[in-house]
Amino acid sequence: LMTANITIKKQDPLYEVGNLHLLPITIKHTGSAKVKKYFRVKPDPENEGIVKAHFRGRLLRGKEQAVPEGYTGVIFREPEHQGAYSEDESEENPTRYWQVGGTFEKMTYWLREDPPNENDYLNRWIHWTQVASVMHSPITLEVNLIVFLFYFSLRFISLYYFLFI
């Protein structure tokens, strides 16, 4: 079991990240890369609002997506482990520490070969944030009235069914 601690310090300046890309691949490299030189994004003439690029010879198609209203995209980074392990952790069971590295308001998400559409994982996640905000919002008088009328209409239907059928 691994423990994770997320540290958010108010004094740390948060910087806005530009040109954020969510790629459907794993890159086992940490460090700088010549992204602007080799990852060239172009409009897809076959699909409006879609962009395309190639990564190591594979076609990727992407779409720019804004973070839903009321949310902020946050990038976390894991700093190098400093110092000795504490009592609760060891080399076999380390505690992971994460720090906020930046924020973003939009990103381009990519799929292999197929153009992005409304049924993609990212669009379903954004739809879920809208459903969750409605589920957790306060119930208004109008909603209470609708629930009340619905409840009593069901009671009336069941009474009618019991008496006359």
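Residues numbered from 1 in each chain as written. Predicted model: local features only at pLDDT ≥ 70, side-chain atom pairs only at ≥ 80, totals over all residues. Heavy atoms only, no water.

**Section: the sheet that holds strand β8 (residues 106-112)**
And then number 1: Ordered in space as β2-β8-β5-β4-β3, the 5 strands form an open sheet in which the pairing is mixed. Taken across any chain shown, the strands that pair with only one partner, and hence form the sheet edges, are β2 (21-22) and β3 (42-43).
And then number 2: The sheet contact formed by β3 and strand β4 (residues 51-55) spans 2 bridges and is antiparallel. In the strand pairing of β4, Lys-42 is matched with Lys-52. (Pairing = 2+ DSSP bridges. Helix = DSSP H or I, 4+ residues; strand = E, 2+ residues; numbered from the N terminus.)

**Side note on the nonpolar core**
And then number 1: Membership of the largest hydrophobic core is limited to 8 residues, which are Val-17, Leu-20, Val-67, Phe-104, Met-107, Tyr-109, Leu-122 and Ile-126.
And then number 2: Those elements giving two or more residues to this core turn out to be β8 and α2 (121-135).
And then number 3: When neighbours within four sequence positions are excluded, Tyr-109 is seen to be in contact with Leu-22, Arg-61, Gly-62, Lys-63, Gln-65, Pro-116, Asn-117, Asp-120, Tyr-121, Leu-122 and Asn-123. (Core = buried A, V, L, I, M, F, W, Y, C linked by side-chain atoms within 4.5 Å. Buried < 20%, exposed > 50% of the residue type's maximum accessible area, 1.4 Å probe, protein only. Contact = heavy atoms within 4.5 Å.)

**Considerations on the pairing of β8**
And then number 1: Of all 7 residues in β8, 5 are buried; the element is thus mostly enclosed.
And then number 2: Relative to β8, β2 runs parallel, the two sharing 2 bridges. Considered in β8, the bridge of Leu-22 is made with Tyr-109.
And then number 3: One ladder, built from 7 bridges, connects strand β5 (residues 58-66) with β8; its direction is antiparallel. Bridge pairing in β8 links Leu-60 to Arg-112.

**What to know about a positive patch on the surface**
And then number 1: The grouping of Lys-34, Lys-37, Arg-40 and Lys-42 at the surface amounts to a positive patch.
And then number 2: Relative to the assigned elements, Arg-40 resides in the loop between α1 (35-38) and β3. (Patch = residues over 30% accessible without salt bridge, like charges linked within 9 Å, V, L, I, M, F, W, Y side chains within 5 Å. Areas by Shrake-Rupley, 256 points an atom, 1.4 Å probe, with all protein chains shown as cover. Salt bridge = Lys/Arg side-chain N within 4 Å of Asp/Glu carboxyl O. Lys, Arg positive; Asp, Glu negative; His and termini not counted. Charge placed at Lys NZ, Arg CZ, Asp CG, Glu CD.)

**Digging into the packing of aromatic side chains**
And then number 1: As enumerated under the stated definition, the model contains 2 aromatic pairs in all.
And then number 2: Taken together, a centroid distance of 5.4 Å and an interplanar angle of 75° make the contact between Phe-39 and Trp-110 edge-to-face. Here Phe-39 is found in the loop between α1 and β3, whereas its partner Trp-110 is found in strand β8, with 71 residues between them in sequence.
And then number 3: What makes Phe-39 buried here is its relative accessible area of 12%.
And then number 4: What makes Trp-110 buried here is its relative accessible area of 0%.
And then number 5: Residues Tyr-109 and Tyr-121 carry aromatic rings whose centres are separated by 6.1 Å and whose planes lie at 75° to one another, so their mutual orientation is edge-to-face. Residue Tyr-109 is found in strand β8, and its partner Tyr-121 is found in helix α2; the two are separated by 12 residues along the sequence. (Phe/Tyr/Trp six-rings, centres within 6.5 Å; stacked < 30°, edge-to-face > 60°.)

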